[in-house]
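# Observations on chain architecture
Here is what each chain is made of, one letter per residue.
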Amino acid sequence: MKLSDVHRIARLARIEITEAQAEETARQLNDILAMIERINRVDTAGVAPMSHPLDGVQRLRPDVVTETPDRERTMANAPARQDGLFLVPRVVE
Amino acid sequence: MSATAPAGRPEHASLAQLGALLDRRQVSAVELARLFLDRIERHRDLNAFLDVRPEATLAQARAADERRARGESGPLLGVPLAHKDVFVTRDWHTTASSRILQGYTSPFDAAVVERLAGAGMVCLGKLNCDEFAMGSSNENSAYGKVLNPWDRGAVPGGSSGGSAAAVAARLAPLATATDTGGSIREPAAFSGVTGTKPTYGRPSRWGMIAFASSLDTAGLLTQDARDCALAFNAMLGFDPRDSTSVERPPEDYTRHLETGLDGLRIGVPQEFFAAGLEPEVEAAVRAALHEYEKLGARLVTVQLPNAALGIPVYYVVASAEASSNLSRYDGVRYGYRTADYADLAELMAKTRAEGFGAEVKRRVLIGTYVLSHGYYDAYFLQASRVRRVIAGEFQRAFAQCDLIAGPVTSGVAFGFGEKSADPVAMYLADLYTVPSSLAGVPAMSLPCGFGRQGRPIGLQLMANHFDEARMLGAAHRFQCATDWHARLPPGF
């Protein structure tokens, strides 16, 4: 993983990273990736990926309203709000 | 085994003993709550608790006493417990030990919290852990490290370090916890308590702050296997609000506590006794296996050839799922928000940079990388395939045995700072616990001895899917024959 890769994935992950942090992060992530590489030694031809330990099937339910969130309790955690809405910087000019 | 508590010391009593004391009106729920709140206050230096609100606790205790006064009974009614801070609660803050959730108050209780409260359990507060349950030493908490009650220079284990330390020090008779790759069993081993992860899908994940959804499993830290079985009866069960909750009829997890072990086949995976296992741990685990033979069990050699690949598979799968799950923390709807920002993108990137700790950021970045264009097949899909290979090896092993046993960790609890500079060394601490997490089978750690500097050693038992009653029964038989689980750290 190159320094440019670290900046790219940090941008994808929406995590601000300084140049100095990126170098240390690259070193650590490369150590981790070197450890992870070992999985490529296993022959997995014909093995289906496992996404759920019990191979469960996603349960569906009727598309109906089952609960109404408590708006005041929910919004009480917002860092900034106004008139019952979440406040963010202007995104559309 | 008697269910009578030593007179005058209910703080050392097990859940089963406390239930009996409450039944006989020898103690009230309010008295118990005050007793444990006082212990929590006296041992604040352990830093096991993040949020304690005596008024909320005492209100629940009074309600439990009123239920008993109205003629209700039940083994859990009025017994206190504490919750790991990844279970959301209406009456206590929930932070997952992260700065990004500082001061967060949930509008609802997690399903596990709800079920145990419904059975009358009284919440003592919220327990410290590694941030978002990522870690093996509890050093990743934004709110400081938790000390191991057996040796304050040692880590309590992680991520459920607060839960393990609280039960070891008897600040709570039992505590909830979560296990994604070993986060119940490793701290149980390091802190000398019994820690049990049920089958994936048995406990509801509703209201449990998500780390890696295909692995996250709620469980318990308890003084012994019987307490765990009693509390599982209330805690586990189908929940339509969790899309991966398993729909099965309720069962009695205590039903095998008195079942003898004659003819029980215990599988011993050779790979768990290979190089890297410290001699003092191997000796204690082998002595425990010998004890099982004396109790009538038969040891069978089994193979888990790719178990050692559990760690790399886990760090791909869990990090990928974490990178997705943690995208919700963006400084918009709840939690921490950075002070200065020019636009929405900067608001989010700075909020996450300042709100997440180093280990969480590492895992989000690794997860983002293995899911990104060009790397998805080589990392994420390959890891998901090797996961199935490992799960298949468990099924082959369980065709030859009823339970699998081995060490929980390669050594006793390490010291603060010993592994925190090297993420890969820290990850390898989960070598023996990760494989069963990937397979989704139940597993537990029970105390089986002590190593250097009086630090505890754990024995791991694993069972096939949905066979936790048999596992708990076998653990209980061991605990009837030994007293490792009954030892208390000096000064508590």
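Above this text you will find the structure in question.
I will try to describe carefully the structure that is included in this document. (Residues numbered from 1 in each chain as written. Chains lettered and ligands numbered in written order. Predicted model: local features only at pLDDT ≥ 70, side-chain atom pairs only at ≥ 80, totals over all residues.)

### Overview of the overall build of chain A
Defined as follows: Numbering goes from the N terminus for both helices and strands, where a helix is a DSSP run of H or I of at least four residues and a strand is a run of E of at least two. For the exposure call, what matters is how many other C-beta atoms sit within 10 Å of a residue's own: 20 or more marks it buried, 12 or fewer exposed, and in between partly exposed, using C-beta atoms placed from the backbone.
Counting its secondary structure elements, chain A contains three helices and two strands. Dimensions of chain A, computed from the C-alpha atoms along their principal axes, are close to 55 × 45 × 25 Å. Counting all 93 residues of chain A, 15% fall into the buried class.

### Brief notes about the environment of Arg-226 of chain B
Residues and elements named next belong to chain B. Among the structural elements, Arg-226 can be located in helix α7 (residues 225-235). According to the C-beta neighbour criterion, Arg-226 is buried, with 24 such atoms within 10 Å. With 86 residues separating them along the chain, Arg-226 and Pro-312 place their C-alpha atoms 34 Å apart.

### Here's the deal with helix α5 (residues 161-168) of chain B
Residue and element names in this part refer to chain B. Among the eight residues that make up α5, eight are buried, leaving the element largely enclosed by the rest of the structure. Among all positions in α5, only Gly-161, Gly-162, Ser-163, Ala-164, Ala-165, Ala-166, Val-167 and Ala-168 are buried. Just beyond α5, the residue with positive phi is Arg-170, at close to 55 degrees.

### Quick notes on unusual backbone geometry
Residues and elements named next belong to chain B. Residue Ser-159 follows Gly-158 across a cis peptide bond; omega there is 5 degrees. Looking at the element boundaries, Ser-159 is found in the loop between β3 (122-127) and α5. Look at Ala-133: it is not a glycine, yet its phi comes out positive at around 65 degrees. Here Ala-133 is to be found in the loop between β3 and α5. With phi around 55 degrees, Gln-453 is a residue other than glycine that occupies positive phi space. C-beta crowding within 10 Å serves as the criterion here: with 12 such atoms nearby, Gln-453 is assigned to the exposed category.

### Some thoughts on the interface of chain B and chain A
Test applied: Contact criterion: two residues are in contact if their C-beta atoms, reconstructed from the backbone, are within 7 Å. Throughout, the ten residues Ala, Val, Leu, Ile, Met, Phe, Trp, Tyr, Cys and Pro are labelled nonpolar, Asp, Glu, Lys and Arg are labelled charged, and all others, Gly among them, are labelled polar.
Listed by partner, the interface residues are 57 residues for chain B and 45 residues for chain A. Broken down by secondary-structure element, the contributors of at least two residues to the side of chain B that touches chain A are α9 (310-325), α10 (344-355), α11 (358-371), α12 (376-398) and α13 (423-427) of chain B. Residue classes in the side of chain B that touches chain A are distributed as 32 nonpolar, 15 polar and 10 charged.

### Remarks on the environment of Ile-184 of chain B
All names here are of chain B. On the secondary structure map, Ile-184 appears in the loop between β4 (175-179) and α6 (185-191). Its 35 C-beta neighbours within 10 Å are what place Ile-184 among the buried residues. With 169 residues separating them in the primary sequence, Ile-184 and Leu-15 have C-alpha atoms 19 Å apart. Apart from the residues within four sequence positions on either side, Ile-184 is in contact with Ser-160, Ala-177, Thr-178, Asp-179, Gly-195, Thr-196, Lys-197, Gly-219 and Leu-221.

### A word on the packing of α9 of chain B against α12 of chain B
All names here are of chain B. Going by this rule: Only the stretch in contact is used when fitting a helix axis, every axis being a line fitted to C-alpha atoms; angles between N-to-C directions are given from 0 to 180 degrees. The cut-offs work like this: below 35 degrees is roughly parallel, past 145 is roughly antiparallel, 65 to 115 is roughly perpendicular, and the gaps in between are oblique. Note: crossing handedness is left-handed where the near helix turns anticlockwise from the far helix by less than a right angle, and right-handed where it turns clockwise.
For the pair α9 and α12, interaxial distance at closest approach is 9 Å and the crossing angle is 125 degrees. Viewed along their axes, α9 and α12 adopt a mutual orientation that is oblique. The handedness of the crossing between α9 and α12 comes out as left-handed. For the pair formed by α9 and α12, the contact residues are Gly-310, Val-313, Val-316, Val-317 and Ala-320 on the first element and Tyr-379, Phe-380, Ala-383, Ser-384, Val-386, Arg-387 and Ile-390 on the second. Within the contact of α9 with α12, the residues separate by chemical class into nine nonpolar, two polar and one charged.

### Things to note about α10 of chain B
Test applied: For a helix, the expected span equals 1.5 Å multiplied by the number of residues minus one.
Over its 12 residues, α10 of chain B runs 16 Å from end to end, which matches the ideal 16 Å to within 8%, given 1.5 Å per residue. For α10 of chain B, the set of buried residues is Leu-347, Met-348, Ala-349, Lys-350, Thr-351, Arg-352 and Gly-355 of chain B.

### A few points about the pairing of strand β6 (residues 217-222) of chain B
Residues and elements named next belong to chain B. Cut-off, in case you're wondering: By definition, two strands form a pair when at least two bridges between them are found by DSSP.
Within β6, six of the six residues are buried, which leaves the element mostly enclosed by the surrounding structure. Of the two faces of β6, the one carrying Thr-217, Gly-219 and Leu-221 and the one carrying Ala-218, Leu-220 and Thr-222 are both buried. As paired elements, β4 and β6 share five bridges and run antiparallel to each other. Within the sheet, the bridge partner assigned to Asp-179 lies in β6 and is Thr-217. Sheet topology places strand β5 (residues 194-197) next to β6; three bridges connect them, and they run antiparallel. Bridged to Gly-195 within β6 is Leu-221.

### Some remarks on the nonpolar core
Quick reminder of the rule: By our criterion, buried Ala, Val, Leu, Ile, Met, Phe, Trp, Tyr and Cys residues that link up through C-beta atoms within 7 Å make up a nonpolar core.
Core analysis: the largest hydrophobic core is formed by 172 residues, its most contacted members being Leu-403 and Leu-461 of chain B. Not counting residues within four places of it along the chain, the set of residues in contact with Leu-403 of chain B comprises Leu-264, Ile-266, Gly-267, Leu-461, Met-462, Ala-463, Met-471 and Ala-474 of chain B.

### Overview of the packing of helix α2 (residues 19-36) of chain A against α9 of chain B
In the contact formed by α2 of chain A and α9 of chain B, the axes pass within 8 Å of each other and the chain directions differ by 125 degrees. Relative to α9 of chain B, the element α2 of chain A is oriented oblique. Listed contacts from α9 of chain B to Ile-32, Met-35 and Ile-36 of chain A of α2 of chain A are Pro-312, Tyr-315 and Val-316 of chain B. Grouping the constituent residues of the contact of α2 of chain A with α9 of chain B by class yields six nonpolar, no polar and no charged.

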